[in-house]
Amino acid sequence: MNTTIPKANVYEKTGLPEMGLRNYWYPVFATWRLKIRRPKAIRILGEEIVLFRNKNQVFALNNQCAHRGARLSEGSCIYPHTDTLTCPYHGWTYSGETGKCVAKLMEGPKTKISVEARVKTYPVREHLGIIWLFIGDMPAVPLEEDLPECLSNTQEWHTIATWRTYNCNWRPLNDNLCYDLHAPFVHRNSPELIFQPIFPFASKVTTTKLEDGKGLGYTARGGISEENYPNLGKFPPPSEAFWRKLNPIGRGKELNPQTSQATKLYGIKYRHMSRLPTVTLVGRPSGDYFMCRWVTPIDSKRTLFYSVNAYRRKSKITTILDKLSWMLWHSWVHDWIFSDQDKKIVEEVRSDREQLSLSDAGVISWRKFMVENARNPNDGNKPKL
Amino acid sequence: MNTTIPKANVYEKTGLPEMGLRNYWYPVFATWRLKIRRPKAIRILGEEIVLFRNKNQVFALNNQCAHRGARLSEGSCIYPHTDTLTCPYHGWTYSGETGKCVAKLMEGPKTKISVEARVKTYPVREHLGIIWLFIGDMPAVPLEEDLPECLSNTQEWHTIATWRTYNCNWRPLNDNLCYDLHAPFVHRNSPELIFQPIFPFASKVTTTKLEDGKGLGYTARGGISEENYPNLGKFPPPSEAFWRKLNPIGRGKELNPQTSQATKLYGIKYRHMSRLPTVTLVGRPSGDYFMCRWVTPIDSKRTLFYSVNAYRRKSKITTILDKLSWMLWHSWVHDWIFSDQDKKIVEEVRSDREQLSLSDAGVISWRKFMVENARNPNDGNKPKL
Amino acid sequence: MNTTIPKANVYEKTGLPEMGLRNYWYPVFATWRLKIRRPKAIRILGEEIVLFRNKNQVFALNNQCAHRGARLSEGSCIYPHTDTLTCPYHGWTYSGETGKCVAKLMEGPKTKISVEARVKTYPVREHLGIIWLFIGDMPAVPLEEDLPECLSNTQEWHTIATWRTYNCNWRPLNDNLCYDLHAPFVHRNSPELIFQPIFPFASKVTTTKLEDGKGLGYTARGGISEENYPNLGKFPPPSEAFWRKLNPIGRGKELNPQTSQATKLYGIKYRHMSRLPTVTLVGRPSGDYFMCRWVTPIDSKRTLFYSVNAYRRKSKITTILDKLSWMLWHSWVHDWIFSDQDKKIVEEVRSDREQLSLSDAGVISWRKFMVENARNPNDGNKPKL
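This one's a predicted model, so the numbers in the text were calculated from it and none came from an experiment.

Peer 1: So what exactly am I meant to see when it comes to the overall build of chain A here?
Peer 2: For chain A, the count of helices and strands is seven helices and 18 strands. Overall, the C-alpha framework of chain A stretches about 80 × 70 × 40 Å when taken along its three principal axes. Buried positions account for 44% of the 385 residues belonging to chain A.

What follows is the structure, given as structure tokens:
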């Protein structure tokens, strides 16, 4: 009798939890989308959460009334000058700050409210036009502790953020975004790269722990831009090569960032880095731009992909030009078309078998780094440092 | 490895079965919707049932041919002057009365038909324009035994019934309909109550077994219509109060039914009652109207909500006026808008945790009563009395 | 606590595997639908497979890259003059012939390719405008070994094939297509049979192993075309009988094929046969036509039904007339309307209980034959003979 047997999952061996790394800050919602007095249900790392905004502060609570289990996201902010959200069912009113029930509107002001009448709160920050939540089992660290410099230092950098929902677990997407050697193949015909030779294929990737210990820097050396394969022919195939008239620019220009302006002018050691929890940064040789890609698990089968474009502030004019170039070019060419080339593949990955290879050096290192270095609430005060 | 763990359900502790109380009559289908010779598949208490009408009598069978499992609801009434339904597949023909196979049309009239060639029958009654089924494991009691007086005594009462399907288990809906103190909060801005002060909040609810032992009567005392909550402000909020110009009428008028016409004229002891299996009655102080809300489990995730409006017959004129007032006012204001305010909440209840409170006195009593008093086919002849 | 309990399945006792009989050829896709360089994902016997065509040959691989699990059906044939398919993710390129990875396009031609870098291949044949796959765990037998003569001998026969997807397990459909005595009942009012008396009801069905040992021949004797049932009346009901003006033709004409032209002229012993794996043939008395119905399991809940009409070649004119008559009459009257009468029933069968009867003699024999005679890769060289 061959009935359907649940398949093994290759990630079970890696030690990476299905629902994501707890005890980190994650970008979860665009700040402009959360209107005053309009509670919003979201799901992050498998937890059901209600976001709400009273006056101008945002709060996040577990989306379940302690009383009879109604979803608080169906409730309302009937006391808008306070930090409270009121359950739709019997009017239990919770403080967004403490999660405590401060009134049971059906029982009058004199009723007893036990200490159990409370819901879990989530630390919230609004930053860069994004609502960030700390999901975990320990007191929140400061948000800045989890941000790369180009996202935390708003004096020096300005940003534009977009997001997409992927219908897959966070782990295949995380593999895709770290130093995974698929870009020259998957994106070779994307408009972003189309008139240039395809990226060199790096034959050697080495990874080094970042100075702050929070991630890995990737160094890729060697590499070839076209090759002849026995019995097959050239890659890229000649039919795809005739339009590659430009000299390489941008990421395609050079493998070794040591010689770039990024390194010489700004001391940027790695143009490609992955950081905890699930963040990958890719910079331009100029050192003036990083694309910061943040993976936020929703549940076991859906993942939020936050892409933050960070531009170095130079003058008001260049800031405007950065925004214009994003709107006219980068927004659709990269954040839409380029990313969708990955989305189509990643959502179709079958994770019951794998056979890692030379091109997976970055993926292997990053998976290992995550497991060994991720915050653990039982690690004593390590995450507090 | 944090995989998805099925959540506990608070109802498991109550002893209330997920699929509903067996061995009771339930309203299942509008009589006008079952056309002659048009079998109809329904699901009640998790059981798949086919209803069919030959000439003018209705029958109900388990919706699975004993032979090869075809759904009888795909079959047809090819002998309309009999009580039979014929399976679509090989023509096994069943008596709606006995459930016995009376002919195998592919095998000729002389073939042997074993006693196992039968399907389960369900006792059926048409009453008040509704098809009622007895779902259980014992011989059916008379329908009247399960009906409140305002539904059984058609000499004294006339009725109008509507129904809705709720996408939730029957238990949260049952909690909602019994004496649960949410109405002043949930419905405070429904058009039915909008110009009146909101209901008083009853601070004391007591429950008493009905004289026939089949349910509970609720008595609510005390109660306040508006209050001042420290650090929050008034409830109802002043922004919602300015249009409350009328004096209270109807249910909002008085807490103690003892002083109402219902009690004085008709001897009605309780204007709010719950009865087995899952029926709640709410009456007007006049004693001339009851709203009878019947919860019929479909399966573990869907529930049929039958709402029967019962009006005391006085004269032909008042009967017509009752019907008119239902059509013009009550139908949309109560059966649609008022009920949908609950539907939105109840369908979103998460039943994995709860923390009962003062306002749940009615719910607690009613849950307990159901478990202790529901019919049990192994209780000897108790239900036959 | 009555929670939802998974129902037993009557087929578990039969020994017929839920996902179908392995180690046979199955029709899986229309040859014209697989365009050059357009890989196509299909599912057969629960296995995920990618079909692709380079130049004009078709290949079939397991639809999962050995590397990181991407679905190869998202990939492309970038070397169209070869037999290869390239994974969409990192460019691993597989031979359709051997399933071996022949190049890792991101790693250059000199990278080492281990013997584990391969995917399962499926033997493929194009025949009669259909792509056939051998699904199993042993070397493929020749396709012809699994075909009835009217499908293998294209000198003598020409064919027209259609297909439908059924939303049910393959076993209820297989029961339906073998000698199951439902046709006179289910199809009595189909346009194909409408002016004739309904088929006689065979009262005795006997089954005989075919000479090649690969299936069963059915012989039906006795039988009645209308009957009087006590307390019910006639079958077919008089209201359905008045239009039955024609003399019986085609299948309705005679029960005993021994007297037909098929037997006398062509030596066809059985006009109704079932053959392994899941094929049923029904022929006309003329011996010039067989309807060949092939059941291809997709997964546990979906099944592909391939219907191949086989006509004996006589002259170019008759071949054109056969095709015309199929287009104008048989296509919609049989392959569409007649088959859909079964589809509606079979998709609604509940397989948790059954009670076999006289009319199931053919079904019982065929189920038994399948279990006892199906190829088993551990049977030594039996299937090679």
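Read on for the rest.
Peer 1: Would you mind going over the relation of the copies chain C and chain A with me for this structure?
Peer 2: The two chain copies are connected by a rotation around an axis plus a translation along it. With an axial shift of 0.0 Å and an RMSD of 0.1 Å, the rotation relating chain C to chain A amounts to 120 degrees. Look at the turn and shift together and you get a three-fold axis relating the two.

Peer 1: What exactly am I supposed to notice about the sheet that holds strand β11 (residues 204-209) of chain B here?
Peer 2: Neighbouring strands of a sheet are bound in pairs by backbone hydrogen bonds; such pairs are parallel or else antiparallel. Residue and element names in this part refer to chain B. Strand order in the open sheet made by the seven strands is β10-β18-β17-β16-β15-β12-β11, with antiparallel pairing throughout. The open sheet terminates on both sides in strands that have one partner only, identified here as β10 (157-166) and β11. Ignoring strand direction, the axes of neighbouring strands in this sheet form an average angle of 20 degrees. Direction of pairing for β10 relative to strand β18 (residues 302-312): antiparallel, over a ladder of ten bridges. If you follow T159 over to β18, its bridge partner there is A310. Packing against the sheet, helix α3 (residues 170-177) makes contact with β10, β16 (279-283), β17 (289-299) and β18, and its axis sits at approximately 170 degrees to β17.

Peer 1: What am I meant to see in the interface of chain C and chain A here?
Peer 2: Accessible area lost upon the coming together of the parts is a frequently used measure of interface size. With 33 residues of chain C at the contact, the number on the chain A side is 33 residues. It is strand β7 (residues 101-104) of chain C that provides the largest number of residues to the side of chain C that touches chain A, a total of three residues. Within the side of chain C that touches chain A, the residues separate by chemical class into 14 nonpolar, eleven polar and eight charged.

Peer 1: Looking at this structure, how should I read the domain arrangement of chain A?
Peer 2: Residues and elements named next belong to chain A. Domain parsing of chain A yields domain 1 (14-127) and domain 2 (155-376). Its C-alpha centre places domain 1 at a distance of 36 Å from the equivalent point of domain 2. Opposite the 16 residues of domain 1 that make contact, domain 2 presents 19 residues. When residues of the side of domain 1 that touches domain 2 are traced back to their parent elements, those giving at least two are β1 (24-30) and β2 (40-44). The element contributing the most residues to the side of domain 1 that touches domain 2 is β1, with four residues. For the side of domain 1 that touches domain 2, the class distribution of residues is nine nonpolar, five polar and two charged.

Peer 1: Explain the nonpolar core to me, please; I cannot follow it from the model alone.
Peer 2: Ranked by internal contacts, the top residues of the largest apolar core, which has 291 residues, are L133 of chain A, L133 of chain B together with L133 of chain C. Those residues within four positions of L133 of chain C in sequence are excluded, and the remaining contacts are W25, Y26, V28, I44, A60, Y122, P123 and V124 of chain C.

Peer 1: Would you mind showing me how to read the sheet that holds strand β5 (residues 84-86) of chain C here?
Peer 2: Residue and element names in this part refer to chain C. Strand order across the open sheet formed by three strands is β5-β6-β7, with antiparallel pairing between neighbours. Because the sheet does not close on itself, it has two edges, and the strands there are β5 and β7. Neighbour-to-neighbour, the strand axes of this sheet turn through a mean angle of 20 degrees, independent of strand direction. For β5 and strand β6 (residues 92-95), the ladder comprises three bridges, and the chain directions are antiparallel. Pairing of T86 across the sheet is with T93, part of β6.

Peer 1: Explain the interface of chain B and chain A here, please?
Peer 2: In this assembly, 33 residues from chain B lie in contact with 33 residues from chain A. Within the residue set of the side of chain B that touches chain A, elements represented by two or more residues are α4 (183-186), β13 (227-229), β14 (233-235) and α7 (316-346) of chain B. Split by residue class, the side of chain B that touches chain A holds 15 nonpolar, twelve polar and six charged.

Peer 1: Just to check I follow, could you spell out unusual backbone geometry for this structure?
Peer 2: Note on backbone geometry: most residues besides glycine have negative phi, and most peptide bonds are trans. Residues and elements named next belong to chain B. In the segment running from F235 into P236, the intervening peptide bond is cis, with an omega of -5 degrees. Relative to the helices and strands, P236 is located in the loop between β14 and α5 (238-241). Cis geometry marks the peptide bond from L276 to P277, where omega comes out at 5 degrees. Tracing the backbone shows P277 in the loop between β15 (272-275) and β16.

Peer 1: Can you walk me through the pairing of β17 of chain B in this structure?
Peer 2: It is a general feature of regular strands that their side chains alternate between the two faces of the sheet. Residue and element names in this part refer to chain B. Taken across its eleven residues, β17 has eight buried, putting it largely inside the fold. By the bridge criterion, five bridges tie β16 to β17 in an arrangement that is antiparallel. Paired with G283 across the bridge in β17 is F290. Following β16, the chain reverses through five residues before pairing antiparallel with β17; G287 in that reversal takes a positive phi of roughly 80 degrees. Across ten bridges, the pairing between β17 and β18 is antiparallel. Counted as the bridge partner of W294 is Y306 from β18. Hairpin connection of β17 to β18: two residues between the antiparallel strands.

Peer 1: Got a minute to help me understand the environment of G267 of chain A in this structure?
Peer 2: Secondary-structure assignment places G267 of chain A in the loop between α5 (261-266) and β15 (272-275). On a C-alpha basis, the gap between G267 of chain A and A41 of chain A in space is 43 Å, while along the polypeptide they are 226 residues apart.

Peer 1: I keep staring at helix α8 (residues 361-373) of chain B and nothing clicks. Help me out?
Peer 2: Since one α-helical turn is 3.6 residues long, residues separated by three or four positions face the same way. Residues and elements named next belong to chain B. Given a rise of 1.5 Å per residue, 13 residues ought to cover 18 Å, and the 18 Å separating the end C-alpha atoms of α8 matches this to within 8%. Of all the positions in α8, only A361, G362, V363, S365, W366, R367, F369 and M370 are classed as buried. Along its buried surface, α8 packs onto α1 (11-14), α3, β11, β12 (215-221) and β15.

Peer 1: How should the confidence of the model for chain A be read in this particular structure?
Peer 2: When pLDDT is low, close inspection of the predicted coordinates is not appropriate. All names here are of chain A. Averaged over every residue, the pLDDT of chain A is 90; the share at 70 or more is 92%. Within the model, the stretch residues 380-385 combines pLDDT values under 50 with five contacts to residues more than four positions away or in other chains. In the predicted complex, the global pTM is 0.91; the interface-specific ipTM is 0.91.

Peer 1: Got a minute to help me understand the pairing of strand β7 (residues 101-104) of chain B in this structure?
Peer 2: Residue and element names in this part refer to chain B. Pairing between strand β6 (residues 92-95) and β7: three bridges, direction antiparallel. Within β7, the residue paired with W92 across the bridge is K104. Connecting β6 to the antiparallel partner β7 that follows it, the hairpin turn spans five residues, and G99 within it adopts a positive phi of roughly 80 degrees.

Peer 1: Looking at this structure, I do not really get the environment of K264 of chain B. What am I missing?
Peer 2: With respect to the element layout, K264 of chain B can be found in helix α6 (residues 261-266). Along the sequence, K264 of chain B and S286 of chain B sit 22 residues apart, while their C-alpha atoms lie 9.6 Å from each other.

Peer 1: Teacher, can you tell me more about the environment of T159 of chain C here?
Peer 2: All names here are of chain C. Positionally, T159 belongs in strand β10 (residues 157-166). The spatial distance from the C-alpha of T159 to the C-alpha of Y311 is 6.1 Å, given a sequence separation of 152 residues. Residues within four places of T159 in sequence aside, it is in contact with L128, L151, V308, N309 and A310.

Each value, and the rule that gives it
Positions within a chain are numbered from 1, following the residues in the order the chain's sequence is written. Starting at A for chains and at 1 for ligands, labels are handed out in the order in which the entities are written. With pLDDT at 70 or above as the cut-off, local features in this predicted model cover only qualifying residues; side-chain atom pairs require 80 or more to be listed or tallied, and sums for whole chains, interfaces and linings still use all residues. Comment: elements are numbered from the N terminus, with helices defined as DSSP H or I runs of at least four residues and strands as E runs of at least two. The exposure label follows from counting other C-beta atoms within 10 Å of a residue's C-beta, where the C-beta atoms are placed from the backbone and the thresholds are 20 or more for buried and 12 or fewer for exposed, leaving partly exposed in between. Fitting of the copies onto one another was done by least squares over C-alpha atoms, counting residues only where both copies have pLDDT of at least 70. Strands pair, by our definition, only if DSSP identifies at least two bridges between them. Fitting a line to C-alpha atoms yields each axis, with helices limited to the stretch in contact; the angle taken between N-to-C directions then spans 0 to 180 degrees. In this description, a residue-residue contact is defined by the distance between C-beta atoms placed from the backbone, which must lie within 7 Å. In this classification, Asp, Glu, Lys and Arg are treated as charged, Ala, Val, Leu, Ile, Met, Phe, Trp, Tyr, Cys and Pro as nonpolar, and every other residue, Gly included, as polar. What fixes the domain bounds is an automatic or database domain assignment. We define a nonpolar core as a collection of buried residues of the types Ala, Val, Leu, Ile, Met, Phe, Trp, Tyr and Cys that are connected via C-beta atoms lying within 7 Å of each other. One less than the residue count of a helix, multiplied by 1.5 Å, gives the span that helix is expected to have. One confidence number per residue, pLDDT, is output by the predictor and ranges from 0 to 100.

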